[in-house]
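Commentary on secondary and tertiary structure
One-letter residues, chain by chain:
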Amino acid sequence: MIRIMKSRKFTWMISTGFVIVFLEISTAFGQVGTEMMPKIVEKNGRHALLVDGQPFFMLGGQAHNSSGWPGMLPKVWSAVKALNANTLEVPIYWEQIEPQPGKFDFSLVDTLLKQGREHKVHLVLLWFATWKNGSSHYMPEWMKHEPTKYPNITGMNGNPVDSPSPHTQAAMEFDAKAFTAVMGYLKKADLQHTVIMVQVENEPGAWGSVRDYSPIARKLFEGPVPDELLKPEVLKSLKRPVDAKGTWSEVFGNDADEYFHAWSVARYIGYVAAAGKAVNPLPLYVNAALRDPISNPSASTYESGGATDNVIPIWKVAAPAIDLIAPDIYLSGTDTVLKVIELYNRPDNTLFVPETGSSAEYAKYMYEVMAHGGIGFSPFGIDDNGQGEGEAEIATRLAPLSQEYAMAVPMMRELAKWGFEGKIKAVVEREDHADQTIDLGSWQAIVSFGAAGWRTAQTNKRPIGKAMIVQLGDNEFVLIGTLCHFTFKPLGANSGKAWQYLKVEEGQYENGTFKLLRIRNGDETDWGGPRIGAIPTVLHTTLTLR
Ligand code: DGJ
């Protein structure tokens, strides 16, 4: 066995007879080897993203759409720094990567890899290709010149719709070839897995028509529903009789148009994803423009065919190479957003929020994503997009999340592991500012929301408070929060008994151990506390009966 230690570590195992060469390279940032491939794992219906073999939570930030260019990146990195992010989501563009058919240019990908490593930040690459927000504006110019060969869909009345047809074999083959070239390039150029996940397309689906009404689409629509969708478990998940069969309209009634488009788009993207995955099995996902998850609106009011909550089962069947479907959360209202989180967190779907707002109203949901065993959270558009924002303005804009990330970064591995193990519970402040409770076996936590005044809580003006509790033992918890205060009540056999804090330690987990800043006591725990103000705080807390 030979070991060479430089900036990289090489481990060679050579055994003769059979010659086995085992090569393991690790760098200061990321490790090489198939066993170190980023991957999604599932246990008891919960998920984790493994990076370097351990659960990883993406404290992410997404760059603006046109910021993946070298001249734009300095502003992106300064926003990443202001945000304290550990992961940058950044687009790569089909139009730039394949300027002529079959001629690939990976210079921008190279720049991103190099700079990601310099900044010690992981990358999620966003493959802007056939679909970008429902249109095909990132198709290379040589395709845009041939609209008949690479057509858009046709509306119900024959009207043009600015959305690519999912029924075009030629475009699908070209997209799959280009995506495979990207994934193959990453396999060679990114041995240390700077890139931990890839988004395939962007918010696919169609605005302006529920489906394609071109002659080819009409013919398919009038044909039978494919067998894959007629499996009893699939029909059941789509709330249809398990023995249903026939045409799209016969099986799916009023939902037929939307379901047909979802199937068609998902099949196309599933093909592209499978081709790329065959050369480089990085985790792949599709992001979804959402529909209101509560009111069951008409598909004509949202991006039809995309992976909205009602068609997740169709996407799962049509695109098995896609590891997860991720909601872009721009909807507002606590009930609505919590419903989205619930619907996209399924035993067959890992929760990841790749886009959301950066205000405090959105930041609070990071706690819920962690509690649901999600693998990442990311505001969209972190960098200055030509508005001339200075560093101070960017820092102010990103503050609600950069403060949370500052708390979470040193203990990211613990949070990711606790989330995977189901040890985290969270509550967020609702519009009525009411107290929330969390049941913890023999204790109940009561979380109230408000700024941390001495003795009296001051009500928050906006519903932005949040709390999470990690259960480490029967009486041992980690309390984390912003603009909230905690108190407890014994439950079950101990119900009604007196209790007290054994110890409330404020501090931070670093490199796996808790570092004490101070023991909180007196005013800092009495009078219905501990209270936490605007700065996210970590309290290692033990409780005892009196
Ligand atoms: C959602 C898209 O996925 C992003 O690329 C970007 O266009 C945002 N919308 C803009 O709000």
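Residues numbered from 1 in each chain as written. Predicted model: local features only at pLDDT ≥ 70, side-chain atom pairs only at ≥ 80, totals over all residues. Heavy atoms only, no water.

**With respect to the sheet that holds strand β16 (residues 376-377)**
A sheet is described by the order of its strands in space; here 8 strands give the open sequence β15-β14-β13-β12-β9-β8-β7-β16, paired in parallel fashion. Strand pairing shows two members of the sheet lacking a second neighbour, β15 (355-356) and β16, which therefore form its edges. Both strand β13 (residues 284-289) and strand β14 (residues 324-329) contribute to a ladder of 5 bridges, which runs parallel. Among the inter-strand pairings, A288 is bridged to a residue of β14, identified as P327. (Pairing = 2+ DSSP bridges. Helix = DSSP H or I, 4+ residues; strand = E, 2+ residues; numbered from the N terminus.)

**Let's talk about the site of the ligand**
Looking at the ligand, the residues that line it are N65, K132, N133, N202, E203, N287, D328, Y330, E355 and F380. A distance of 3.0 Å separates an oxygen atom of the ligand from a polar atom in the side chain of K132. Here E355 contributes a side-chain N or O atom positioned 2.6 Å from an oxygen atom of the ligand. Taken by itself the ligand offers 290 Å² of open surface, and the protein chains cover 77% of this. (Near = heavy atom within 4 Å. Polar contact = N/O pair within 3.5 Å; in protein donor to acceptor, adjacent residues only side chain to side chain. Areas by Shrake-Rupley, 256 points an atom, 1.4 Å probe, with all protein chains shown as cover.)

**Focus on the pattern of salt bridges**
The tally for this structure, following the rule as stated, stands at 19 salt bridges. Here K75 and D384 are joined by a salt bridge, their closest N and O atoms 3.1 Å apart. Taken together, the residues span a long stretch of sequence, with K75 in helix α1 (residues 73-83) and D384 in the loop between β16 and α14 (391-408) at a distance of 309 residues. A salt bridge links R518 to E506; the shortest N-O distance between them is 2.9 Å. Separated by 12 residues along the polypeptide, R518 in strand β24 (residues 513-520) and E506 in strand β23 (residues 499-510) bring together distant segments of the chain. Under the relative-accessibility criterion, R518 is labelled partly exposed at 35%. By sharing partners, the salt bridges in this structure join K417, E421 and K423 into a single network. (Salt bridge = Lys/Arg side-chain N within 4 Å of Asp/Glu carboxyl O. Buried < 20%, exposed > 50% of the residue type's maximum accessible area, 1.4 Å probe, protein only.)

**Points about the pairing of strand β8 (residues 87-93)**
Of all the 7 residues making up β8, 7 are buried; the element is thus mostly covered by neighbouring parts of the structure. Here β8 shows two buried faces, one formed by T87, E89, P91 and Y93 and the other by L88, V90 and I92. Note that strand β7 (residues 58-62) and β8 share 3 bridges and pair parallel. Residue pairing in the sheet places G60 in a bridge with T87 of β8. The β-α-β motif built from β7, the intervening α1 and the parallel element β8 has right-handed crossover chirality. Looking at chain direction, β8 and strand β9 (residues 122-132) are connected through 7 bridges and run parallel. Across the sheet, the residue bridging to E89 is V124, located in β9. (Right-handed = clockwise from strand over helix to strand, strands pointing away.)

**Side note on the domain arrangement of the chain**
Here the domain parsing of the chain yields domain 1 (1-32), domain 2 (39-410) and domain 3 (426-545). Here the C-alpha centre of domain 3 lies 36 Å away from the C-alpha centre of domain 2. Interface area for domain 2 against domain 3, summed over the two sides, is near 1700 Å², with a carbon-plus-sulfur share of 59%. Together, K364, Y367 and M407 form the three largest contributors to the area buried by domain 2 at its contact with domain 3, with a combined 38%. Linking domain 2 with domain 3 are 3 salt bridges. (Domains from an automatic or database assignment. Buried area = accessible area lost by both parts, 1.4 Å probe.)

**So, the sheet that holds strand β6 (residues 54-56)**
What the 3 strands build is an open sheet, ordered β4-β5-β6; its pairing is antiparallel. If you trace the sheet from one side to the other, it starts and ends with β4 (39-43) and β6, each paired once. Here the strands of the sheet are splayed against their neighbours by 55° on average, with no regard to which way each runs. Looking at chain direction, strand β5 (residues 46-51) and β6 are connected through 3 bridges and run antiparallel. Bridging from a neighbouring strand, L50 pairs with P55 of β6. (Axes fitted to C-alpha atoms, helices over the stretch in contact; angles between N-to-C directions.)

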